[in-house]
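As a plain string of letters, each chain reads:
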Amino acid sequence: MSEPVIPVAQAIPAVQGTSAVETDARPVRRGEVLRALSRARRTAALYGTNHPVVDQTMDDVLRVIAQPLASRPSLRISIHEDTFFLDSTVLLEESLALSSLLADLKDRDIGVIEIRAGLEPDELRRLVEVLNLRAGDVRRLGGAAACLEQRGVHHIAVGRGQAMLPREQGNVQVDARDAYRAGLRVVHELNFQAAGGLPLDLSKARIVVTALIEILTMDRVALMGALALKNYDEDTAHHSVSVCILSLLMASWLQFDRALISTLGLAALLHDIGKVRIPHEILTKPGTLTADEHTIMRQHPVHGAHLLRNLSGQTKLAMVVAFEHHANYDLSGYPRITTKRHPHLLARVVQVADTFDAATSSRRAYRRPATSAQAMSLIVNGAGTTFDPVLPEVFVRALGVYPVGTVVELDTGDVAVVRRPGTRDVTRPTVSVVKTREGESVEPHDIGLEDDRERFI
């Protein structure tokens with residue numbers, strides 16, 4: 001999925017009074033609208049809205065707002081489930097980075113900010129003034145909308161929420177690459193909290209999981225493509241996000257309901273959190289671990305369960321997954337489970353995803369990463385013993401034998417990249433040829449191997 005970019009405007013008559021709008025025609029990311037507004041608010045809180053330093057930040061806001069307003073009558077910033085939207089686009093990075101702004105807007109009962117064409121620079125200053133009022137003062141003055149009206153603002157409207165949410169309109173846009181990068185950021189934050197003995201704040205993790213589910217619903221191939229961003233040194237954050245995505249892809253085939261798939265995504269993101277209690281020199285050791293080091297490493301599921309012990313409700317299943325994801329279907333793994341029951345279904349799903357990602361990654365110098373096909377064979381051959389008897393087949397059907405992004409060689413010697421898995425035959429995906437057998441780059445062109453039976457990998 002391509003990154004959403006606002007078209008460049010050649011003429012911007014709607015906003016006047018700023019040289020930045022007139023001279024800077026570079027395209028801006030949608031999230032920059034909100035980031036610029038946040039910077040203006042912070043600067044005005046420090047210096048006051050009429051200080052010269054604030055003038056530049058106001059110019060920045062006007063510049064980025066002017067571009068979308070040149071081609072449509074308004075733009076709308078809204079909040080739903082602790083997530084910012086610009087029109088129908090999820091602003092995932094901004095929802096994580098600007099969480100304090102999001103909380104302040106909610107405290108002031110502001111769920112929507114609509115900015116209309118014809119906006120005057122002074123109206124933007126009045127908006128920033130209102131956003132910097134104390135929440136109690138805003139309510140005392142009749143609410144944010146009344147505050148803007150009292151200041152003569154006509155091209156900005158605020159409200160508590162939308163009559164129809166973006167996802168209910170069926171056109172929500174989420175960039176898979178943004179979601180992957182946001183996942184990395186969240187895992188790093190959670191690991192920092194866990195390592196420091198701090199309470200785990202799962203609000204941002206829930207935002208990321210929700211975004212990944214949205215992508216899965218709209219374009220599962222884009223979600224598969226995000227896995228190509230993984231870091232093959234088996235970095236814990238990359239591993240956790242990849243396992244989360246792989247688990248969600250399996251859940252879509254298992255037809256989990258929304259609540260259970262959300263719980264699975266959160267549990268997968270947290271499954272290795274116990275590794276923060278493993279000495280760094282063991283985690284990053286390039287050579288073979290000693291018997292004692294293996295024993296220490298195998299304690300991470302116990303540490304993870306301990307760190308997640310205070311979760312409540314269905315989210316508490318994340319603790320179970322952290323504890324059981326190495327136990328194996330036949331209980332031959334670790335830690336030893338004495339009850340005569342198989343690990344929880346969510347733990348069995350995460351175990352398959354965890355094994356595949358670990359097998360195709362490696363930080364150990366003595367171990368080469370397995371190919372996708374080799375990792376698939378490992379999982380399929382373990383069905384009924386190491387792994388659930390059904391889930392390996394589900395995994396292969398969800399990803400295909402050659403996952404999206406895999407580089408393959410065709411029978412002709414041409415080199416191609418897998419674009420999407422086969423729907424009828426998991427061994428015959430759609431591929432995009434990028435090089436000839438002589439190694440010369442060519443204009444990429446797709447071949448559907450399900451339909452072209454003459455060609456094969």
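The structure we're discussing is the one just above.
Let me begin by describing the structure that accompanies this report. The numbers attached to residues start from 1 for each chain and follow its sequence in the written order. Where local features are concerned, this predicted model is filtered to residues with pLDDT of at least 70; where side-chain atom pairs are given and counted, the filter is 80 or more; whole-chain, interface and lining totals use all residues. Hydrogens and water are ignored here; the side-chain numbers use all heavy atoms of the structure.

1. A short note on the overall build of the protein
Helix and strand definitions follow DSSP, with helices as H or I runs of at least four residues and strands as E runs of at least two, each counted in order from the N terminus. Scanning the protein for helices and strands turns up 20 helices and nine strands. Burial classification: accessible surface area is computed with a 1.4 Å probe over protein chains only, and a residue below 20% of its type maximum counts as buried, one above 50% as exposed, and the rest as partly exposed. Scored against the burial criterion, the 457 residues of the protein give a buried share of 53%. Looking at the protein alone, contacts between residues at least 24 apart form 65% of all its contacts between residues at least 6 apart. Per-residue accessibility takes into account occlusion by the displayed protein chains alone, with areas from the Shrake-Rupley method and a 1.4 Å probe. With the model as given, the accessible surface of the protein reaches about 20,700 Å², and the carbon-plus-sulfur share is 51%. Contacts are residue-level and defined by heavy atoms, with any inter-residue pair within 4.5 Å sufficient.

2. A few points about the environment of A145
Its place among the elements puts A145 in helix α8 (residues 144-150). Overall, the relative accessible area of 42% leaves A145 in the partly exposed class.

3. Focus on unusual backbone geometry
Residues Y334 and P335 are joined by a peptide bond in cis, for which omega reads -10°. Within the secondary structure, P335 is located in the loop between α17 (317-324) and α18 (345-359). Positive phi, normally seen in glycine, also occurs at D109, with a value near 60°. Summarising the element assignment, D109 is placed in the loop between α5 (99-107) and β4 (112-116).

4. What to know about the packing of α18 against helix α20 (residues 391-399)
Between α18 and α20, the shortest axis-to-axis distance is 10 Å and the interhelical angle comes to 55°. As summarised for this structure, α18 and α20 are arranged oblique, according to the angle between their axes. Crossing hand, α18 versus α20: right-handed. Seen from α18, the contacting residues are L345, R348, V349, V352, A353 and F356; seen from α20, they are L391, F395 and L399. Classification used: nonpolar for Ala, Val, Leu, Ile, Met, Phe, Trp, Tyr, Cys and Pro, charged for Asp, Glu, Lys and Arg, polar for all others including Gly. Classifying every residue of the contact of α18 with α20 by side-chain character gives eight nonpolar, no polar and one charged. Axes, fitted as lines to C-alpha atoms, cover a helix only where it is in contact. Angles between the N-to-C directions of the axes lie from 0 to 180 degrees. When an angle is under 35 degrees it counts as roughly parallel; over 145 it counts as roughly antiparallel; between 65 and 115 it counts as roughly perpendicular; any other value is oblique. Crossing chirality is assigned from the near helix's rotation relative to the far helix, an anticlockwise turn below a right angle marking it left-handed and a clockwise turn marking it right-handed.

5. So, the packing of helix α12 (residues 236-254) against helix α13 (residues 258-270)
As a packed pair, α12 and α13 sit with axes 8 Å apart at the nearest point and diverge in direction by 155°. What the angle tells us is that α12 and α13 run roughly antiparallel. The two elements α12 and α13 cross, and the hand of that crossing is right-handed. Packed against α12, whose contacting residues are S240, V241, V243, C244, S247, L248 and A251, the element α13 presents I261, L264, G265, A268 and L269 at the interface.

6. Let's talk about the pattern of salt bridges
Throughout this description, the term salt bridge denotes a Lys or Arg side-chain nitrogen within 4 Å of a carboxyl oxygen of Asp or Glu. Summed over the entire model, instances satisfying the criterion amount to 29 salt bridges. Notably, a salt bridge pairs R125 with D55, separated by 2.6 Å at the nearest N-O pair. Taken together, the residues span a long stretch of sequence, with R125 in helix α6 (residues 121-131) and D55 in helix α3 (residues 52-69) at a distance of 70 residues. Exposure remark for R125: the relative accessible area of 16% places this residue in the buried category.

7. Description of the sheet that holds strand β9 (residues 441-448)
Pairing is antiparallel across the open sheet formed by four strands, whose spatial order is β6-β7-β8-β9. Each of the sheet's edge strands pairs with one partner strand only, and the pair in question is β6 (407-409) and β9. Across the sheet, the mean angle from the axis of one strand to that of its neighbour is 35°, orientation sign disregarded. At least two DSSP bridges between two strands are needed for those strands to be called paired.

8. Here's the deal with the nonpolar core
Among buried residues, the Ala, Val, Leu, Ile, Met, Phe, Trp, Tyr and Cys ones that are joined through side-chain atoms within 4.5 Å form a nonpolar core. If you look at the biggest cluster of nonpolar residues, it comprises 85 residues, and the most contacted ones within it are I245 and F395. The element contributing the most residues to this core is α12, with ten residues. Residue contacts for F395: discarding those within four places in its chain leaves L246, M250, V352, A353, F356, M376, I379 and G400.

9. Re the pairing of strand β7 (residues 415-420)
Examined bridge by bridge, β6 and β7 share three bridges and lie antiparallel to one another. Bridged to V407 within β7 is V417. Hairpin connection of β6 to β7: five residues between the antiparallel strands, including G413 at a positive phi of 95°. Note: β7 against strand β8 (residues 430-435), five bridges, orientation antiparallel. Its bridge partner being in β8, V417 is matched across the sheet by S432.

10. Thoughts on the sheet that holds strand β1 (residues 74-80)
Strands pair in a sheet through their backbones, by hydrogen bonds, and they do so in one of two ways: parallel or antiparallel. Strand order across the open sheet formed by five strands is β3-β2-β1-β4-β5, with antiparallel pairing between neighbours. Here the strands that pair on one side only, and so sit at the sheet edges, are β3 (89-91) and β5 (156-159). Adjacent strand axes in the sheet meet at a mean angle of 20° when their direction is disregarded. Judged from the five bridges that link them, β1 and β4 form a sheet pairing that is antiparallel. Its bridge partner lying in β4, L75 is registered against I115. On the sheet, α5 packs against β1, β2 (83-86) and β4 and is oriented at approximately 85° with respect to β2.

11. Quick notes on helix α16 (residues 300-307)
Taken together, the buried positions of α16 are occupied by H300, P301, G304, A305 and L307. Down the axis of α16, the smallest arc covering the buried residues is 160°, so these residues share one side. Tucked into the core, α16 has its buried residues touching α9 (176-195), α15 (291-297) and α17. When we speak of the arc, we mean the arc of directions from the helix axis to the C-beta atoms.

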